[in-house]
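Notes for the structure review
These are the residues of each chain, in order.
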Amino acid sequence: VKPPLYIITPTYRRPEQLAELTRLGYTLKHVPNLLWLVIEDANHTNRLVAQTLNRIGVPYEYLVAPMPEQYKKTKRAKPRGVSNRNRGLDYLRANATEGVLYFADDDNTYDINIFEQMRYTKKVSMWPVGLVTKTGVSSPIIRNGKLDGYYDGWLGGRKYPVDMAGFAVSVKFLHTRPNATMPFKPGYEEDGFLRSLAPLQNTEIELLADECRDILTWHTQTKKNPAAQVLNKRYVNTNLEF
Ligand code: UDP
Ligand code: MN
């Protein structure tokens, strides 16, 4: 039997939410032995989200983890999805013993092959992510068969200049790092979390996707469609349940 995969998906209410979760959910439906941790940046669960998750039929837990007020109020960049992902880590610390965790934002695109590759991660695995920054891709660089730095349009002084969609972590390894956490620091979420897994040698990072020759995950972003903005409103004279 395959080791379980724990897919941590931050989500939040906006007109595109149910569409994003539907698309991602049917991708995950192709993947066996998976638990989908859908964690909403909200104080309460939403009936329509629960209904959507039930309809898709992927095994899931639906939790909430609101962004702290101090970050919601700021006019600067917000730490999007951080409280959600940390809630997911808490869930795994309390409920999981083996397998692998992966942070899958609700708006990205995933080739299902990456899930079978990440499933056997011993500590941390990494691979390229498409559509990241102006350079178009973020990727570990392999030289002479070894991890030798990263390619990314924005390095930002990071030790691990990787995208959220570009790494997975073993649950057993997470258990050996009880203080590992994602910082509320826009732009440095991945780096901060991976640093918090120290000690971690470069030789312990497994490189997937045909030794980083393939792109199997993409940081797609959904365009705000003005027509969709009314989807959150209550419709009069229709049968829609909003
Ligand atoms: N997100 C959230 N609360 C927010 C904004 C975003 O929980 O206020 C979630 C969102 O659903 C996604 C993740 O956090 O899964 C990253 O957000 P987004 O895709 O907007 O960031 P970007 O990809 O543009 O960096
Ligand atoms: Mn996104």
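Rules behind the numbers
- Residues numbered from 1 in each chain as written.
- Chains lettered and ligands numbered in written order.
- Predicted model: local features only at pLDDT ≥ 70, side-chain atom pairs only at ≥ 80, totals over all residues.
- Helix = DSSP H or I, 4+ residues; strand = E, 2+ residues; numbered from the N terminus.
- Rg over C-alpha atoms; globule rule 2.2 N^0.38 Å.
- Buried ≥ 20, exposed ≤ 12 C-beta atoms within 10 Å, placed from the backbone.
- Contact = placed C-beta atoms within 7 Å.
- Pairing = 2+ DSSP bridges.
- Right-handed = clockwise from strand over helix to strand, strands pointing away.
- UniProt positions renumbered as here; feature names shortened; annotations may be inferred.
- Core = buried A, V, L, I, M, F, W, Y, C linked by C-beta atoms within 7 Å.
- Axes fitted to C-alpha atoms, helices over the stretch in contact; angles between N-to-C directions.

**Concerning the overall build of the protein**
A count of helices and strands for the protein gives eight helices and 12 strands. The C-alpha atoms of the protein give 18 Å as radius of gyration, which agrees with the globular expectation for 242 residues (18 Å, within 12%). On the principal axes, the C-alpha backbone points of the protein span a range of 65 × 45 × 35 Å. Burial status across the protein gives 35% buried among its 242 residues. Contacts spanning at least 24 positions in sequence make up 74% of the contacts within the protein whose residues lie at least 6 apart.

**Points about the environment of S139**
Inspection of the secondary structure assignment puts S139 in strand β8 (residues 137–143). Those residues in contact with S139 that sit more than four places away from it in its chain are P128, Y150, Y151 and C212.

**Some thoughts on the pairing of strand β3 (residues 60–64)**
When strand β2 (residues 34–40) meets β3, the two strands line up parallel, connected through five bridges. Residue pairing in the sheet places V38 in a bridge with Y62 of β3. This β-α-β element, β2 to helix α2 (residues 47–56) to β3, shows right-handed connectivity.

**As for the UniProt feature "binding site: Mn(2+)" (unreviewed entry) in the protein**
Taking the UniProt record as the reference, the feature "binding site: Mn(2+)" (unreviewed entry) is found at D107. Residue class for D107 comes out partly exposed when judged on the 18 C-beta atoms lying within 10 Å of it. In contact with D107, not counting residues within four places along its chain, are E20, T220, Q221 and T222.

**Things to note about the UniProt feature "active site" (unreviewed entry) in the protein**
The UniProt entry lists E190 under the feature "active site" (unreviewed entry), expressed in the numbering used here. Residue placement: E190 occurs in helix α7 (residues 189–195). Not counting residues within four places of it along the chain, the set of residues in contact with E190 comprises Y160, V162, D163 and M164.

**Looking at the environment of W36**
Tracing the backbone through its elements, the reader meets W36 in strand β2. On a C-alpha basis, the gap between W36 and D105 in space is 12 Å, while along the polypeptide they are 69 residues apart. When residues no more than four places from it in sequence are discounted, the contact partners of W36 are I7, T9, L28, V58, P59 and Y60.

**Comments concerning the pairing of β8**
Pairing of strand β7 (residues 129–130) with β8, which is carried by two bridges, proceeds in the antiparallel orientation. From the neighbouring strand, V129 faces β8, where its bridge partner is S138. Of the strand pairs in this sheet, β8 and strand β9 (residues 146–151) are connected by four bridges, and their pairing is antiparallel. Among the inter-strand pairings, R143 is bridged to a residue of β9, identified as K146. Hairpin connection of β8 to β9: two residues between the antiparallel strands, including N144 at a positive phi of 50°.

**Here we look at the nonpolar core**
Within the largest apolar cluster, 49 residues are counted, with the highest numbers of intra-cluster contacts made by Y6, I7, I8, V100, L101 and Y102. Tallying contributions element by element places β2 first for this core, with six residues. Those residues within four positions of Y6 in sequence are excluded, and the remaining contacts are L35, L37, L92, A96, G99, V100, L101 and V171.

**Considering unusual backbone geometry**
Here A198 and P199 are connected by a cis peptide whose omega angle stands at -5°. Topologically, P199 is positioned in the loop between α7 and β11 (205–207). The backbone of N144 sits at a positive phi, close to 50°, despite the residue not being glycine. Tracing the chain through its elements places N144 in the loop between β8 and β9. Backbone geometry at E211 places phi at a positive 50°, although glycine is not the residue there. Its location among the elements puts E211 in helix α8 (residues 209–212). A tally of 11 C-beta atoms within 10 Å means that E211 is categorised as exposed.

**As for the sheet that holds β2**
Across the sheet, which stays open at both edges, the seven strands sit in the order β3-β2-β1-β4-β10-β6-β11 with mixed pairing between neighbours. Looking at strand neighbours, the two that pair on one side only are β3 and β11, the edges of this open sheet. For this sheet the average axis-to-axis angle between neighbouring strands, irrespective of direction, equals 25°. α2 rests against β2 and β3 of the sheet, and its axis sits at about 165° to β3.

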